[in-house]
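Close look at the chain arrangement
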Amino acid sequence: MPEEKPNGKNGGRVGIVDRVKEDVQAARTEIPAKVKEQIEGLKDPTKTQVYTSIFRHKHDDTPRNRALGVLSNVFLHLHPAKINRDAVRYSYTWGMGGITFYLFIVLTFTGVLLMFYYHPTKVQAFRDVLYLEHDVPFGKLLRNMHRWAAHLMVIGVWLHMFRVFLTGSYKKPREFNWNIGVLLLVFTLLLSFTGYLLPDDQLGFWAVTVGTNMARATPLLGHEGPFGPQLGMTPYNDVRFGLLGGSIVDANALLRSYIWHCIGIPIVASVLMIVHFWRVRKDGGISGPAPVVLEAEADKPRRGPKAAGE
Amino acid sequence: MDWRQLWEIMSAPDNVPIVGLIPLLAFYIYLAWKQAHANDVLIEQLEGDAALAKTHHRKTWPFQAGWQKEVHVWPFLLRIEFLAAIIVTIILMVWSITLNAPLEEPANPNLTMNPAKAPWYFLGLQEMLVYFDPWIAGVVMPTLIIIGLMVIPYIDTNPMGSGYYTWKQRRFAISTFLFGFIILWVTMIIIGTFIRGPGWQWFWPGQTWDHNRLIYEVNRDLPDIFGITSNLGKGIFGAIIVGGYFALGGFAVFSLFRHYMPKDFARMSLLQFAITQAFLLIMLALPLKMLLRLLWHIKYVWITPWFNI
């Protein structure tokens, strides 16, 4: 029997064989152990690293977890963890602000899908709408949803403002947020109006013609407005020309309203919405339903040292 | 009665939102009024009973000691939001399946639509074109509406009625807003949509929209009625009338506040009061001018070489 040398020619070969044998032996016991462990682990997926990296807290039904569920979620943390018990009553808020925001999301979604089928050019715009109506699967539904959601959004904004006015919610400390809301009303109407021209049909064409004809008469800046001609305004350099990109509603007007409709105004409106929602929280959450104030208490401070002194 | 004509206008796809808006508005006005009334009853009760006012939780909804004043957003608010989203989606889906978005012939600059109407939410402004020159109806008035809405929180100094529905504590604010929103804005939209036909002529509901109808109507200017013919005279006359309206009207608003809202008046600064006066009078000028036109066929009150009002 030759001596076993760890580094010998034969010794090396024997070493490899032995190691393989050893590994096979180990695999027979260790892998099943791992499999068992893995299966045990999968029985409770909430303990996996993937899960805990996404969800930062447990889901037991405890007050703490209910709060964390809202606060640790980027989409839900627009809300506070808790609100006034009567504020969830539909009769107070009518849910109109939320519905308006939801419709904006629906409009963004359907709008992006519509953009896949639409070219903002005089040659193709109308044909694209026909194509959408007759050939694109669910194209008609898509266009209808976009149209009606836009109308609903206008109504939603009006009813929201109506509610906010009737509940006096614009009063201190929410004055500024009311102003942001008024701007959002303007941008909602402009979004709807710029979209009106895009099918490039008679309805949109004449509506936009009527609408932008008023811009001719802008004081100082329109060629038919008071003091416009005196300031050198003509149909080719006044504010209407700037809006339409020309002196008539044509290819440039179509492109301009497309860009305002799909990019410009949505960005501005989104920024204002962020401010609007942020201010709702920063100004103390939604305004009520608040305890009623009596005439005698009206001019007295309700909190702070002065109130305590009285 | 031309029912077909009526149905045609009511069922035009883009008019459906207005037809829907009317019952929606009625419902929400009812809902608001119901809560305002309940709160007003409570306020009256508390004002007559000082002891109760100290202990009462000050809401019309039930509350007992030991109940939590706040509830968790998850699930109590989020489930409502989720439900609302589903309901809105269903309504939108059903509406979109049953009613097609309008699509007319391709745009044709040589073929004018008659009547050529703006989108329905702007028809109030278009209706205003009848009574005012475009620079007022199309530019100045919309700007003033926006500014007017924005100044509301800064001129309404009434500290009551913040965060709850009430009528008795905010009679003036609420009636002004209802006047502006319902009477002026919504009614003008309804007139613009359902009443105005070809040539922007007045057709009562059910009257056939006759494209050949001619109305012999002579509009006069106010200075003409008084026999003023010279341009200078017309300019001065109009300035006196318009200036007089604002001066007298301003005094009337002052008198109104002093007698009926002395506390609000005391709370307001001069600037706040002046802005309130100005916007109230401009808002009232619209229906006044409408009446002048519809009842006495008066076109302009103030005529100058540069602008007419």
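Throughout this description, residue numbers start from 1 for each chain and increase along the sequence as written. Ligands are numbered from 1 and chains lettered from A, in the order in which they are written. With pLDDT at 70 or above as the cut-off, local features in this predicted model cover only qualifying residues; side-chain atom pairs require 80 or more to be listed or tallied, and sums for whole chains, interfaces and linings still use all residues.

1. Topic: the overall build of chain B
Helix and strand definitions follow DSSP, with helices as H or I runs of at least four residues and strands as E runs of at least two, each counted in order from the N terminus. Scanning chain B for helices and strands turns up twelve helices and one strand. When the helices and strands of chain B are placed in sequence order, the string is α-α-α-β-α-α-α-α-α-α-α-α-α. Here the globule rule is a power law, 2.2 Å times the number of residues to the power 0.38, and the radius of gyration is based on C-alpha atoms. For a compact globule of 309 residues, the expected C-alpha radius of gyration is about 19 Å, and chain B comes in at 25 Å, more than 25% above that figure. Projected onto its principal axes, the C-alpha coordinates of chain B cover approximately 75 × 55 × 35 Å. As a rule, residues whose C-beta atom has 12 or fewer other C-beta atoms within 10 Å are exposed, those with 20 or more are buried, and those in between are partly exposed; C-beta atoms are placed from the backbone. Every one of the 309 residues in chain B was classed for burial, and the buried ones make up 25%. By sequence separation, contacts in chain B at least 24 residues apart represent 68% of the contacts at least 6 residues apart. Contacts are defined on C-beta atoms placed from the backbone: any two residues whose C-beta positions lie within 7 Å are in contact.

2. Quick notes on the overall build of chain A
The helix and strand inventory of chain A stands at twelve helices and one strand. Listing every helix and strand of chain A by position from the N terminus yields α-α-α-β-α-α-α-α-α-α-α-α-α. The C-alpha atoms of chain A give 33 Å as radius of gyration, which overshoots the globular expectation for 310 residues (19 Å, by more than 25%). Once the C-alpha set of chain A is aligned to its principal axes, its extents read approximately 120 × 75 × 40 Å.

3. So, unusual backbone geometry
Geometrically, the link from Trp74(B) to Pro75(B) is a cis peptide bond, its omega value of 10 degrees lying close to zero. Across the junction of Asn114(B) and Pro115(B), the peptide omega takes the value -5 degrees, indicating a cis bond. Relative to the helices and strands, Pro115(B) resides in the loop between α5 (78-98) and α6 (123-128). Positive phi, close to 65 degrees, is recorded for Trp94(A), a residue that is not glycine. On the neighbour-count criterion, Trp94(A) (21 C-beta atoms within 10 Å) is buried.

4. Describing the nonpolar core
With 92 residues, the main nonpolar core has Leu103(A), Ala149(A) and Met153(A) as its most contacted residues. Looking at this core element by element, the count peaks at 17 residues for helix α7 (residues 139-166) of chain A. What Leu103(A) contacts, discounting residues up to four positions off in sequence, is Ala149(A), Leu152(A), Met153(A), Gly156(A) and Val88(B). A set of buried residues drawn from Ala, Val, Leu, Ile, Met, Phe, Trp, Tyr and Cys, joined through C-beta atoms within 7 Å, is what defines a nonpolar core.

5. Some points on the interface of chain B and chain A
Contact residues are listed per partner, giving 79 residues for chain B and 86 residues for chain A. Listing elements by their share of the side of chain B that touches chain A, those giving two or more residues are α2 (16-47), β1 (70-72), α4 (73-76), α5, α7 (134-155) and α8 (171-195) of chain B. It is α2(B) that provides the largest number of residues to the side of chain B that touches chain A, a total of twelve residues. In the scheme used here, Gly and all other residues not listed as nonpolar or charged are polar, with Ala, Val, Leu, Ile, Met, Phe, Trp, Tyr, Cys and Pro taken as nonpolar and Asp, Glu, Lys and Arg as charged. Residues that form the side of chain B that touches chain A fall into these classes: 53 nonpolar, 14 polar and twelve charged. By the bridge criterion, three bridges tie strand β1 (residues 82-84) of chain A to β1(B) in an arrangement that is antiparallel. Looking across to β1(B), one finds that Ile83(A) is bridged to Val71(B). Any two strands with at least two DSSP bridges between them are considered paired.

6. Remarks on the environment of Leu77(B)
Here Leu77(B) lies in the loop between α4 and α5. In this view, Leu77(B) contacts His79(A), Ile83(A) and Val88(A); residues no more than four positions away in its chain are not counted.

7. Notes on the environment of Thr208(B)
Residues and elements named next belong to chain B. One can find Thr208 in the loop between α8 and α9 (222-225). Distance in space between the C-alpha atoms of Thr208 and Met1 is 8.0 Å, their sequence separation being 207 residues. Residue contacts for Thr208: discarding those within four places in its chain leaves Asp2 and Gln5.

8. Brief notes about helix α9 (residues 202-216) of chain A
A helix is expected to reach a length of 1.5 Å times the quantity of its residues less one. The first and last C-alpha atoms of α9(A) sit 21 Å apart over 15 residues, in line with the 21 Å expected at 1.5 Å per residue. Burial within α9(A) is extensive, with 14 of its 15 residues counted as buried.

9. Some details on the environment of Asp250(A)
Residues and elements named next belong to chain A. In this structure, Asp250 sits in the loop between α10 (239-244) and α11 (251-282). Owing to 15 C-beta atoms within 10 Å, Asp250 belongs among the partly exposed residues under this scheme. When the C-alpha positions of Asp250 and Lys122 are compared, they lie 7.6 Å apart, and in sequence the two are 128 residues distant.

10. Brief notes about the packing of helix α8 (residues 175-197) of chain A against α11(A)
Residues and elements named next belong to chain A. A fitted line through C-alpha atoms serves as each axis, taken over the contacting stretch for helices, and the angle formed by two N-to-C directions is quoted from 0 to 180°. As a packed pair, α8 and α11 sit with axes 9 Å apart at the nearest point and diverge in direction by 160 degrees. By the criterion of interaxial angle, the relationship of α8 to α11 is roughly antiparallel. As α8 packs across α11, the resulting crossing turns out to be left-handed. Its residues placed into classes, the contact of α8 with α11 shows 18 nonpolar, seven polar and one charged. Throughout, the term roughly parallel applies to angles under 35 degrees, roughly antiparallel to angles over 145, roughly perpendicular to angles from 65 to 115, and oblique to all others. Note on convention: near helix rotated counterclockwise from far helix by under a right angle means a left-handed crossing. Clockwise means right-handed.

11. Description of the packing of helix α5 (residues 96-115) of chain A against α5(B)
At a minimum axis distance of 10 Å, the contact between α5(A) and α5(B) shows a crossing angle of 55 degrees. The orientation of α5(A) with respect to α5(B), classified from their angle, is oblique. For the element pair α5(A) and α5(B), the recorded crossing hand is right-handed. In this structure, α5(A) uses Gly98(A), Ile99(A), Tyr102(A), Leu103(A) and Val106(A) to contact α5(B), whose residues at the interface are Glu81(B), Ala84(B), Ala85(B), Val88(B) and Leu92(B). Considered class by class, the residues forming the contact of α5(A) with α5(B) number eight nonpolar, one polar and one charged.

12. Re the confidence of the model for chain B
Predicted confidence across chain B gives a mean pLDDT of 89, with 100% of residues reaching 70 or more. Overall fold confidence for the complex sits at a pTM of 0.89, while the interface term, ipTM, reaches 0.93. Each residue carries a pLDDT value, the predictor's own confidence for that position, ranging from 0 to 100.

13. Overview of the confidence of the model for chain A
Per-residue confidence for chain A gives a mean pLDDT of 88; residues scoring 70 or more make up 92%. By mean pLDDT, helix α12 (residues 304-309) of chain A is the weakest element of chain A at 49, and α5(A) is the strongest at 96.

14. What to know about α8(B)
Look at α8(B): only 32 Å from first C-alpha to last across 25 residues, short of the 36 Å you get at 1.5 Å a residue. Thr187(B) marks where α8(B) bends most, by close to 25 degrees. Listed in full, the buried residues belonging to α8(B) are Ala173(B), Ile174(B), Met188(B), Ile189(B), Gly192(B) and Thr193(B). Buried positions along α8(B) lie against α7 of chain A together with α2 and α6 of chain B. To get the bend at a given residue, fit one axis to the seven residues ending there, fit another to the seven starting there, and take the angle between those axes.

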